[in-house]
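# What the coordinates show
So you can see what is in the structure, the chains are spelled out below.
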Amino acid sequence: MSEKEKKQKAAPYQSPWPSRPERPWERPWPPPTPMPIIPTEDVIRVLKQILDRLSQIEKRLERIETLFAEKSVSPE
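Here we summarise the structure given alongside this text. Please read these numbers as outputs of a predicted model, since none were measured by experiment. (Residues numbered from 1 in each chain as written. Predicted model: local features only at pLDDT ≥ 70, side-chain atom pairs only at ≥ 80, totals over all residues. Heavy atoms only, no water.)

### Some remarks on a positive patch on the surface
A surface patch of positive charge is lined by Arg 53, Lys 59, Arg 60 and Arg 63. For Arg 53, the location among the structural elements is in helix 2 (residues 40-73). (Patch = residues over 30% accessible without salt bridge, like charges linked within 9 Å, V, L, I, M, F, W, Y side chains within 5 Å. Areas by Shrake-Rupley, 256 points an atom, 1.4 Å probe, with all protein chains shown as cover. Salt bridge = Lys/Arg side-chain N within 4 Å of Asp/Glu carboxyl O. Lys, Arg positive; Asp, Glu negative; His and termini not counted. Charge placed at Lys NZ, Arg CZ, Asp CG, Glu CD. Helix = DSSP H or I, 4+ residues; strand = E, 2+ residues; numbered from the N terminus.)

Structural data, given as structure tokens:
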């Protein structure tokens, strides 16, 4: 086996397809913008507002469930 054949066998696998050329207009994604620093009090206030809204929605859903339950039980 000649030296050339040894080098060809030792070479890593190369795809028969050429690699995709990089286009000049392709750029990587920009780095993420950092989040603004929010005071802890504001975060707590917003979370309380979200919980209040969720409890209001839950109460409305319970009322709707009871209405449907009453309609399905009562004979027409």
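That covers the picture; the talk isn't over yet.
### Overview of the pattern of salt bridges
With the rule as written, the count across this model stands at one salt bridge. Among the salt bridges present, the one from Arg 45 reaches Asp 42, with a minimum N-O distance of 3.6 Å. Residue Arg 45 and its partner Asp 42 are both found in helix 2; the two are separated by three residues, about one turn of the helix. Looking at Asp 42, the relative accessible area reads 31%, which means it is partly exposed. (Buried < 20%, exposed > 50% of the residue type's maximum accessible area, 1.4 Å probe, protein only.)

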